[in-house]
Amino acid sequence: MKKRLLIGGGVAAILTLTMAATALAASPIKLIVNGREIKPDVAPQLVNGRAIVPIRWVAEALGARVAWDAENNQVRVTPLTEPQDAAAREELELLTSELRTVASPRELVEKYAQALRTRNGALVRAYLAPEIKDQVLPRIIGVSTPITTVEIEEKGTPGGNSQRFLLHAYFGPYGDKPSTPAFSQVVTVAPEEGGRYIIVDIIALEDITNGAFWEQPREVVAALPEGTRVFRWARLDADGDGQQNEIYLVYGNGEIGRYALWRAGRLYPLGSEVALGNQIFTPPLIESVRDINGDGRPEVRWADAGADAVDTRIYAWDGREFTALFERTANRVELVDLDGDGALEIAVGNRPRSLAAPLFKIYRWQDGKYVEQPGTFREEDGRYLPQEETANSQPPRK
């Protein structure tokens, strides 16, 4: 039976390119898709004046799924952008929610690691928060050499109820060849409602898979200074228009990084420089994009957790630029709804040497700014009590 190629609607892939045989004789053939170089496991070849390229790498770079139908001797290419009806979306959400119902953050990371080992990109995305799903290419498991081992190391808590894990992935071994590093990641896991957990942040430390695991945001890279690259990024809705058309990013040259927000073709710097290097806990985590102070617009909060202090900043789009609403460095910085009105107060805690627990100052959103409230507070069982009160008191808050 003659082999057939079926290409679904919406996907255009050129599999053979006719050209002069001498054009590329002196150098390897490069595969460029949408302005980005793709490095497949099988290099493009020049055969009888035509460039032959692997269809999977081209199709998946264009956002399509490729499957081999052995029974009918067919290669099937299907776009991944076909709309789903409400029932299908609900069924998918139920399925992914069940996958994230685990006993601990460690168990979720182990399932995520297993998805990496089995080269299942769809399953990998099931464990990720919506704002970081698009950091994973359709061909996340596209490298022909499979990931055989993923080592997991716990790296503490960056704040709140979240936990960090360091992952080292390896290729092989094969025959007499030893295992070789594939990539390393720092992942942050946070709890969801209903006994579920979800990965809310991934820092890619290394990637020797030729970009098969992580993609640079193309619209931003072209505007960056020469020699820099994006280290971390996430799409978000910072201006409250209902679309994730802004990008939070950290970019730099390997030693010095900068925080920024990208909107409408422009970079808006946030904060100061950050040392990159080999420090796995920098750059900071973007912790939330939500209406924090109850003013009807989303704020962007990030925090850089050091050895004994947390640097927290809250930014908002004011119609012209991103402005800092709040900046503090302390032992602990928490967002809490003390009076149940839906607007979050900020509890900033510092630990004097004579005390085991920090003392907090409370900041409340008033008249367009955060205002420090009178008094000093202790945190006991999730409640913030005036310093002079004891745990047996009946506080009016929370």
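Now for a look at the structure at hand. (Residues numbered from 1 in each chain as written. Predicted model: local features only at pLDDT ≥ 70, side-chain atom pairs only at ≥ 80, totals over all residues. Heavy atoms only, no water.)

## Some words on helix α3 (residues 105-117)
For α3, which comprises 13 residues, the first-to-last C-alpha distance of 19 Å matches the rise-based estimate of 18 Å (1.5 Å per residue) to within 8%. Among all positions in α3, only Pro105, Leu108, Val109, Tyr112, Ala113, Ala115 and Leu116 are buried. Across the axial projection of α3, the buried residues extend over an arc of 155°, all falling on one side. Following α3 by one or two positions, Arg119 has its phi on the positive side, about 60°. (Helix = DSSP H or I, 4+ residues; strand = E, 2+ residues; numbered from the N terminus. Expected span 1.5 Å × (residues − 1). Buried < 20%, exposed > 50% of the residue type's maximum accessible area, 1.4 Å probe, protein only. Arc of directions from axis to C-beta.)

## Here we look at the sheet that holds strand β10 (residues 163-171)
Spatially, 4 strands are ordered β9-β10-β11-β12 in an open sheet, and the strand pairing comes out antiparallel. Strands with a single pairing partner mark the edges of an open sheet, and in this sheet they are β9 (147-154) and β12 (197-207). When the angles between neighbouring strand axes are averaged without regard to direction, this sheet yields 25°. Both β10 and strand β11 (residues 180-191) contribute to a ladder of 9 bridges, which runs antiparallel. By the bridge assignment, His168 is partnered in β11 with Ser184. Across the sheet, α3 touches β9, β10, β11 and β12, and the angle it forms with β9 is around 160°. (Pairing = 2+ DSSP bridges. Axes fitted to C-alpha atoms, helices over the stretch in contact; angles between N-to-C directions. Contact = heavy atoms within 4.5 Å.)

## A short note on the side chain of Arg100
Note that Arg100 resides in the loop between α2 (86-99) and α3. With relative accessibility at 5%, the residue Arg100 sits in the buried group.

## Some details on unusual backbone geometry
Residue Gly172 is joined to Pro173 through a cis peptide bond whose omega torsion reads 5°. Relative to the helices and strands, Pro173 is located in the loop between β10 and β11. At Ala264, a position not held by glycine, the phi torsion is positive, near 50°. Within the secondary structure, Ala264 is located in the loop between β15 (256-263) and β16 (266-275). By relative accessible area, Ala264 is classed as exposed at 70%. We note that Asp367 has phi near 55°; this positive angle belongs to a residue other than glycine. With respect to the helices, strands and loops of the structure, Asp367 is situated in the loop between β23 (359-366) and β24 (369-372). Accessibility expressed as a relative area gives 80% for Asp367, which makes it exposed.

Spatial relationships are all this shows, so hold off on functional conclusions.
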